[in-house]
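# Residue-level structure breakdown
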Amino acid sequence: MKTGLPKWLIAVTGVVYFFLHLPVLVLVVFSFNDSKFSVDWRGFTLQWYQRLLERPDILRGLKASLIVGGAATIISAVLGTLLALALGRQQFRGRRVLEGFLYVPIVTPEIVTGISLLLLFVLLKFPLGLATITIAHVAFCISFVVIVVLARIQGMDENLEEAAMILGADEITTFWKVTVPQLWPGILSGALLAFTMSFDDFVITSFVSGPGSSTLPIVVYGMVRKNVEPSINAISTIILLATAILIYLADRLARAK
Amino acid sequence: MPAFRERALAWLYTRPQARAWALVAPGGFWLLAFFMVPLLIMLVYSLMPRGIYGGVEPGFTLEHYARFFDPLYLQVLQRTFAWSIGCTVICLFLGYPVAYVIARSQRWRTFLLFLVVLPFWTSFLVRTFAMIFLMRDTGLINSWLLKLGMIDEPLTMLYTPFAVMAGLVYGFLPFMILPIYASLEKVDHSLLEAAEVLGARPAARFRRVTLPLSTPGVVAGSLLVFIPALGSFLTADLLGGAKQVMIGNLVQNQFSSARNWPFGSAASFIVMALVLAAVMLYLRVKDRSAGGAPPL
């Protein structure tokens, strides 16, 4: 049987790949273009990157994003790992309900999550700021951590824990000395995923951030709304690079033995 | 306190339910308090009369849902539906050939798949900005077309339905390709050989063997594109301007400038209900195809 593909199929595929990747590629290339207004190539420059350092709003946004991302990552990694341990190892009542709970954040449109959390915080008279952003990010990150860690647990050898207990270790010692070291790559990979999602989030954050607590995506969105300038290309390139590195690390860890 | 530790251990050991719940409690609480309860508050808000400064007043009303029969808002709903469906159809026609090529390729498969997954990890905001950079009046497409002499003045692309549709397809196309690829990859090759032996031409082999077997992937991919398109906000916001409003933008507007929170909550609840209906459909299809579709 012939396995050659028709030429038009390959052409369509080529066009689609072009369409999927060209925009971002162009964006990155022009972050090095030495012209403020033109989309003609006027030579290589790093001035748009230098300009970023002179903008206090971007630096403040970056700081806010790192604080929120760090806190949200740690909280969702711990809570998500505990949930994954329960789902992977324990039989308990309410399991189906919990599984349902974990799916809801994955399918809920971001705009719905954002406004419902805003309503909660306003009702509780909780001042909007870094704390509310962190709470929101944890709420949508937990499910993803659970999925990643659960996959790791399901691939783990339960005999090792049994062996440790037979050799005289109690449950807590076994947990720290046997379970956690095996789970560690899964937890780290889930944590990096959570950080990436937190660092990237615009829609939910825009509802639960208050004055003076703008994260980096909020600042970038403001810049995009105002006008299109090469600095946005530069900051976009940095965000892309940072995300790519984090995802690469998460992937490496998830596959680690 | 070793005594306490011993006692706690013994207690947990004899009660597996308690042990499980000790693990579930913190995360479960977070999801309950900061996801489920807010959704419930949103539902309650949507059923209460509007207050003066954006809040609500005590009482019960269905007026916010009734407002969707107003032609103005009906139009937003219709547009959201039409665009989400349009986006799904375009993604299907672009995505199916790509999935087919990936499934049939040997040496390049990993690389081709990697290129499809890559956009998932690219900031959506950055990707949407990339579209602006290409499509605005002084953008790359216009400047190249002008230089090639194909047009005399810039085409207006940004802030048109075309821009929104391009942005939606660009944003969600990978969701279509992956499930179709997953189901095509599983197609048993001997069935195709049997069809060939029995005299079926390539077109007939595709239409009567490959296509029916890839239906679960097509359905899954369609829903995975339709669901986020329905609830999308950024695309229409940045590429559509003030006129091309989708329901996500309507919701956002009620919470920013219009300050009609209960109406915004009602709109938001409608989005949520539509999405949940689509998810139910997805899960049913997934069950029937016995793991033919990837998990959400």
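Predicted, not measured: the structure shown is a model, and the values here were computed from it. (Residues numbered from 1 in each chain as written. Chains lettered and ligands numbered in written order. Predicted model: local features only at pLDDT ≥ 70, side-chain atom pairs only at ≥ 80, totals over all residues.)

## Notes on the overall build of chain A
- For chain A, the count of helices and strands is 11 helices and 0 strands.
- Secondary structure elements of chain A occur, N-terminal to C-terminal, as α-α-α-α-α-α-α-α-α-α-α.
- In terms of overall size, chain A is more extended than a compact globule, its C-alpha atoms giving a radius of gyration of 23 Å where 257 residues would be expected to give roughly 18 Å.
- Dimensions along the principal axes, computed over C-alpha positions, put chain A at roughly 70 × 70 × 30 Å.
- Taken over 257 residues, chain A has a buried fraction of 42%.
- Contacts in chain A between residues at least 24 apart in sequence constitute 81% of all its contacts with a sequence separation of at least 6. (Helix = DSSP H or I, 4+ residues; strand = E, 2+ residues; numbered from the N terminus. Rg over C-alpha atoms; globule rule 2.2 N^0.38 Å. Buried ≥ 20, exposed ≤ 12 C-beta atoms within 10 Å, placed from the backbone. Contact = placed C-beta atoms within 7 Å.)

## Topic: the interface of chain B and chain A
- Across the boundary between the two partners, chain B contributes 68 residues, which contact 66 residues of chain A.
- For the side of chain B that touches chain A, the leading source of residues is helix H2 (residues 16-45) of chain B, giving 21 residues.
- Grouping the amino acids of the side of chain B that touches chain A by side-chain chemistry returns 49 nonpolar, 13 polar and 6 charged. (Nonpolar A, V, L, I, M, F, W, Y, C, P; charged D, E, K, R; others polar.)

## Side note on the environment of A:Glu229
Residues and elements named next belong to chain A.
- Of note, glutamate 229 is situated in the loop between helix H10 (216-226) and helix H11 (230-255).
- Since 14 C-beta atoms lie within 10 Å of it, glutamate 229 is described here as partly exposed.
- Between the C-alpha atoms of glutamate 229 and aspartate 251, which are 22 residues apart in sequence, the distance is 34 Å.

## With respect to the domain arrangement of chain A
All names here are of chain A.
- Its domain assignment divides chain A into domain 1 (1-45) and domain 2 (47-255).
- Computed over C-alpha atoms only, the centres of domain 1 and domain 2 are separated by 31 Å.
- Its residues placed into classes, the side of domain 1 that touches domain 2 shows 4 nonpolar, 3 polar and 1 charged. (Domains from an automatic or database assignment.)

## Let's talk about the nonpolar core
- Residues A:Ala139, B:Ala99 and B:Val271 are the most contacted members of the largest nonpolar core, which totals 150 residues.
- If you tally residues by element for this core, the top one is helix H8 (residues 161-185) of chain B, at 16 residues.
- Those residues in contact with B:Val271, other than ones at most four positions away along the chain, are A:Pro109, A:Val112, B:Leu230, B:Gly231, B:Ile247, B:Gly248 and B:Val251. (Core = buried A, V, L, I, M, F, W, Y, C linked by C-beta atoms within 7 Å.)

## Points about the domain arrangement of chain B
- The assigned domain composition of chain B is domain 1 (1-35) and domain 2 (70-288).
- Between the C-alpha centres of domain 1 of chain B and domain 2 of chain B there is a distance of 44 Å.

## Concerning unusual backbone geometry
- Look at A:Lys125: it is not a glycine, yet its phi comes out positive at around 55°.
- With 6 C-beta atoms counted inside 10 Å, the residue A:Lys125 sits in the exposed group.
- At B:Tyr159, a position not held by glycine, the phi torsion is positive, near 65°.
- By the element assignment, B:Tyr159 lies in the loop between helix H7 (140-147) and H8.

## Quick word on the packing of helix H3 (residues 56-89) of chain A against H2(B)
- In the contact formed by H3(A) and H2(B), the axes pass within 8 Å of each other and the chain directions differ by 135°. Judged by the inter-axis angle, H3(A) sits oblique to H2(B). You can see that H3(A) and H2(B) cross each other, and the crossing is left-handed. Where H3(A) approaches H2(B), its residues A:Leu79, A:Gly80, A:Leu82, A:Leu83, A:Leu85 and A:Ala86 are matched on the opposing element by B:Ala20, B:Leu23, B:Val24, B:Pro26, B:Gly27 and B:Trp30. (Axes fitted to C-alpha atoms, helices over the stretch in contact; angles between N-to-C directions. Parallel < 35°, antiparallel > 145°, perpendicular 65-115°, else oblique. Left-handed = near helix turned anticlockwise from the far one by under 90°.)

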